[in-house]
Amino acid sequence: MFNTISSVDPGSRLEGMVLPGDELRYINRHEIHDVLDYKYWAYDRSLTLEFRDAGTIRLRKKEGEDLGLNFETYLMDKPTGCSNRCIFCFIDQLPRGLRKTLYFKDDDARLSFLTGNYITCTNLSERELQRICDLKVSPLNISVHATDPELRAKLIGNPRGKEIMDILRRFAAAGIFMECQIVAVPGWNDGAALQRSLEDLAGLYPHVSSVSIVPVGLTCHREKLTPLSPYTPEQARATIAQVESFAAECFEKCGSHIFYCSDEMYLRAGLPLPEDKYYEDYAQLENGVGMLRLLETEFDLALSLEDEADRKETPRFSIATGKAAEPYLRALLEKAGANGTVYGIPNDFFGHTIEVAGLLTGQDIIRHLRDKDIGERVYIPKTMLRHGEGVFLDDLTPEDVSRELGVPVIPRIISEMAHSATGIDIHPGATIDEEFFIDHGTGVVIGETAVIGKGCRLYQGVTLGALSFPKDGDGVLVKGVPRHPILEDNVTVYAGATILGRITIGSGSIIGGNVWVTKDVPAGTKLVQKLSAQPTEESLMGKA
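Residue indices follow the written sequence of each chain, beginning from 1 at its first position. Confidence filtering applies because this is a predicted model: local features only for residues at pLDDT of at least 70, side-chain atom pairs given and counted only at 80 or more, and all residues used for totals across whole chains, interfaces and linings. Hydrogens and waters are ignored; side-chain quantities use all the structure's heavy atoms.

Asks: So what about the overall build of the protein chain? Which residues, and what values?
Replies: Scanning the protein chain for helices and strands turns up 13 helices and 29 strands. In the protein chain, which comprises 544 residues, the proportion classed as buried is 51%. We call two residues in contact whenever any of their non-hydrogen atoms come within 4.5 Å of each other. The contacts in the protein chain between residues at least 6 apart in sequence include a share of 57% that link residues at least 24 apart. Using a 1.4 Å probe, accessible areas were evaluated by the Shrake-Rupley method; residue-level cover was limited to the displayed protein chains. As displayed, the protein chain offers around 24600 Å² of accessible surface, 52% of which is attributable to carbon and sulfur atoms. Helix numbering and strand numbering both begin at the N terminus, where a helix is a DSSP run of H or I of at least 4 residues and a strand a DSSP run of E of at least 2. Buried means the residue's accessible area, taken with a 1.4 Å probe over protein chains only, is under 20% of the maximum for its type, while exposed means over 50%, and partly exposed covers the values in between.

What follows is the structure in structure tokens.
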């Protein structure tokens with residue numbers, strides 16, 4: 001059984017009452033099928049729990065307080081696989097011989113909510129659709145690709161693809177917020193088909209709160225697959241012009257651009273990225289939208305804070321990245337006057353049409369850097385490595401590459417791991433009260449002046465960060481002031497949420513997964529969407 005308990009948190013209410021190996025079956029007479037059922041029904045103050053071995057346990061607790069139960073699988077169920085045959089599916093384009101987990105295609109709505117995975121909604125039963133609406137499972141990340149029913153069915157190889165607009169409207173009517181993506185394929189869903197998709201999705205704003213347009217990725221392993229062509233620079237420029245024109249209309253009408261082309265689309269087009277303000281609150285950052293612009297913005301801020309007198313000569317180093325970002329990163333190093341070299345690595349493993357850093361392999365880095373002047377160390381983006389495992393797609397590790405090159409190979413993930421064995425980065429200046437708990441903690445960042453009240457709970461990937469330094473009347477940066485958030489007592493922040501600036505999250509509030517917050521949140525709020533776009537007090541996992 002997937003709802004078998006693996007451990008009980010020390011100090012939790014059920015410690016000593018429930019033992020590992022037991023099974024949780026019902027909460028308040030509701031059968032528990034998976035993690036969504038568990039989190040939803042366990043939210044209330046008064047609970048009647050039914051276990052296989054421990055029997056019936058009744059308890060009262062604070063609303064939203066975690067029970068401290070851990071289960072043998074994260075979902076308390078099997079992950080739901082994909083039932084589509086997308087003409088551009090990247091997994092179908094993988095060579096043989098890679099680790100088995102790379103060939104699994106997930107299309108699980110629970111992972112969309114909990115970890116930000118994109119889903120197509122083609123395998124959702126009526127019960128699952130209704131449960132999403134009833135439980136307010138929001139936000140969701142949804143792969144739309146096209147809103148024309150027949151075209152979408154062809155693109156994803158599934159007749160249920162025709163249902164997408166009905167599903168999106170149903171979610172919107174239930175108060176569900178959605179971040180969507182369109183994988184754009186030249187000659188298929190661009191041009192007039194793309195225009196229809198933009199117009200249809202804009203009609204669901206603010207519940208469809210942002211949409212990314214990403215160019216199709218094609219490897220050299222497409223034998224017996226549908227013939228497709230990558231974007232040419234001319235096609236990329238035409239798509240960008242189309243999307244930016246419509247986004248400008250949206251901004252005029254509703255105050256948000258809604259639609260954003262990915263960085264890769266701009267790089268293929270040979271066009272400069274939009275300015276920082278265009279991306280608003282960077283809602284599609286994890287989908288490669290605005291990553292380079294945000295990098296440059298933060299880079300420029302760091303340079304502005306640097307004292308020339310304190311600058312030290314650093315040993316020569318190199319940066320290995322994808323071909324697409326090579327000129328961009330080189331320009332940043334030149335701006336800083338850094339003693340480094342950027343090498344854009346051709347992707348021999350997947351083919352030279354793949355130019356993003358995240359799909360480079362260790363063997364490609366070794367092949368193309370072995371005879372280069374790389375200095376005393378090589379830096380790589382942590383996106384090259386599988387999250388939580390520290391291996392490239394070809395199962396080589398940074399240590400393997402380091403041995404071959406003769407210098408340290410340093411991904412950002414290593415510096416994070418250096419802070420602690422859990423990957424949690426807590427500044428020693430942060431103020432933290434008792435009964436603080438971090439669940440699945442990898443990637444949590446807590447800044448220097450953050451204040452965390454009693455009984456708060458954070459999940460993986462949460463950032464309690466700072467905005468830029470304020471300026472005085474003369475335009476001089478004011479340093480030494482608190483710049484990180486205050487979490488009052490019993491605040492819960494779910495996976496991937498980012499809270500920035502000296503703002504206050506009121507006691508008992510719940511901040512949903514992947515939410516960006518830059519304004520104060522009143523006590524008792526259940527926030528499922530960014531305040532700057534659409535403030536709500538719908539429950540993250542609670543009742544409407």
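From this point, the discussion proceeds with the structure in view.
Asks: If you had to explain the nonpolar core to someone new, which residues and values would you point to?
Replies: Counting residues in hydrophobic clusters, the biggest one holds 81 residues, and the most contacted among them are Leu14, Tyr38, Leu69, Ile142, Phe171, Ile213 and Phe259. Within the second largest apolar cluster, 23 residues are counted, among which are Ala430, Cys456, Leu487 and Val521. Among the buried residues, those of types Ala, Val, Leu, Ile, Met, Phe, Trp, Tyr and Cys that are joined through side-chain atoms within 4.5 Å form a nonpolar core.

Asks: A description of helix 6 (residues 191–202) should follow, citing residues and the corresponding values.
Replies: How far a helix is expected to stretch is found by multiplying one less than its residue total by 1.5 Å. When the terminal C-alpha atoms of helix 6 are compared, their 17 Å separation across twelve residues agrees well with the 16 Å that a helix rising 1.5 Å per residue should span. Residues of helix 6 that are buried make contact with helix 5 (164–173), strand 9 (178–184), strand 10 (208–215), helix 7 (233–254) and strand 11 (259–261).

Asks: Could you give me a rundown of the environment of Gly390, with the residues and numbers involved?
Replies: Checked against the element boundaries, Gly390 lands in the loop between strand 14 (378–380) and helix 12 (398–405). Taking the relative accessible area as the measure of exposure, Gly390 reaches 17% and is therefore buried. Here the alpha-carbon distance between Gly390 and Pro411, two residues 21 residues apart in the chain, equals 9.0 Å.

Asks: I'd like a description of the sheet that holds strand 10, backed by residues and values.
Replies: Taken in spatial order, the five strands make up an open sheet running 7-8-9-10-11, and their pairing is parallel. The open sheet terminates on both sides in strands that have one partner only, identified here as strand 7 (118–119) and strand 11. Relative to strand 8 (residues 140–143), strand 7 is paired through two bridges, and the arrangement is parallel. Paired with Ile119 across the two strands is Ile142, which belongs to strand 8. Sheet contacts for helix 6: strand 9, strand 10 and strand 11; angle to strand 10, the most-contacted strand, approximately 160 degrees. Pairing between strands is defined by DSSP: at least two bridges between the two strands are required. Here an angle of 0 to 180 degrees is reported between the N-to-C directions of two axes, which are lines fitted to C-alpha atoms, with helices fitted over the stretch in contact.

Asks: Describe the pattern of salt bridges, and please don't skip the residues or the numbers.
Replies: In the sections that follow, a salt bridge refers to a side-chain nitrogen of Lys or Arg positioned within 4 Å of a carboxyl oxygen of Asp or Glu. Within this structure, the stated rule accounts for 31 salt bridges. With a shortest N-O distance of 2.8 Å, Arg110 and Asp77 are connected by a salt bridge. Taken together, the residues span a long stretch of sequence, with Arg110 in helix 2 (residues 109–115) and Asp77 in the loop between strand 6 (69–71) and helix 2 at a distance of 33 residues. You can call Arg110 buried: its relative accessible area is 5%. By relative accessible area, Asp77 is classed as partly exposed at 28%. One continuous salt-bridge network, built from bridges that share partners, spans Asp34, Asp37, Asp77, Asp108, Arg110 and Arg131.

Asks: Describe the packing of aromatic side chains, naming the residues involved and giving the relevant values.
Replies: Only Phe, Tyr and Trp rings take part, Trp by its six-membered ring, and two of them pair if their centres are within 6.5 Å. Stacked means planes under 30 degrees apart, edge-to-face means over 60, and tilted covers everything else. Counted according to the given criterion, the structure contains eleven aromatic pairs. Ring geometry for Tyr278 versus Tyr279: centroids 5.6 Å apart, planes at 90 degrees, classification edge-to-face. For Tyr278, a relative accessible area of 13% translates into the label buried. Under the relative-accessibility criterion, Tyr279 is labelled buried at 2%. For the ring pair Phe317 and Tyr379, a centre distance of 5.6 Å and an interplane angle of 80 degrees mean the geometry is edge-to-face. Separated by 62 residues along the polypeptide, Phe317 in strand 12 (residues 317–322) and Tyr379 in strand 14 bring together distant segments of the chain. Members of the aromatic cluster, connected to one another through ring pairs, are Tyr260, Tyr278, Tyr279 and Tyr282.

Asks: How would you sum up a negative patch on the surface? Please name residues and give values.
Replies: Here, patches come from residues exposed beyond 30% relative accessible area and free of salt bridges, joined within 9 Å for like charges and within 5 Å for nonpolar side chains (Val, Leu, Ile, Met, Phe, Trp, Tyr). A residue counts as positive if it is Lys or Arg and as negative if it is Asp or Glu; His and the chain ends are not included. All charge positions are set by atom: Lys at NZ, Arg at CZ, Asp at CG, Glu at CD. Among the surface-exposed residues, Asp433, Glu435, Glu488 and Asp489 lie close enough to one another that they form a single negatively charged patch. Looking at the element boundaries, Asp433 is found in the loop between strand 17 (431–432) and strand 18 (437–439).

Asks: Mind laying out helix 12, listing which residues take part and the relevant values?
Replies: Since the α-helix turns once every 3.6 residues, residues separated by three or four places project in the same direction. Turning to helix 12, its buried residues are Pro398, Asp400, Val401, Ser402 and Leu405. Downstream of helix 12 by a residue or two, Gly406 has a phi angle that is positive, lying close to 80 degrees.

Asks: Tell me about the sheet that holds strand 21 (residues 457–459), and name the residues and values.
Replies: In a beta sheet, neighbouring strands are held together by backbone hydrogen bonds and run either parallel or antiparallel to one another. Read across the sheet, five strands follow the order 18-21-24-27-29 without closing on themselves; strand pairing throughout is parallel. Each edge of the sheet is formed by a strand with only one pairing partner; in this case those strands are strand 18 and strand 29 (526–527). Bridging between strand 24 (residues 492–493) and strand 27 (residues 510–511) involves two bridges; their strand directions are parallel. Note on strand 27: the bridge partner recorded for Val493 is Ile511.

Asks: Now, about the packing of helix 11 (residues 362–369) against helix 12: what can you tell me, with residues and values included?
Replies: Between helix 11 and helix 12, whose axes approach to 10 Å, the crossing angle comes to 15 degrees. With respect to helix 12, the element helix 11 is oriented roughly parallel. Judged by the twist between their axes, the crossing of helix 11 over helix 12 is right-handed. In contact with Gly362, Ile365, Ile366 and Leu369 of helix 11, helix 12 contributes Val401, Glu404 and Leu405. Asp, Glu, Lys and Arg are counted as charged, while Ala, Val, Leu, Ile, Met, Phe, Trp, Tyr, Cys and Pro are counted as nonpolar; the rest, among them Gly, fall into the polar class. Among the residues making up the contact of helix 11 with helix 12, the classes are represented as five nonpolar, one polar and one charged. Here the word oblique covers every angle except those under 35 degrees (roughly parallel), over 145 (roughly antiparallel) and from 65 to 115 (roughly perpendicular). Should the near helix be turned counterclockwise from the far one by less than a right angle, the crossing is left-handed, whereas a clockwise turn marks it as right-handed.

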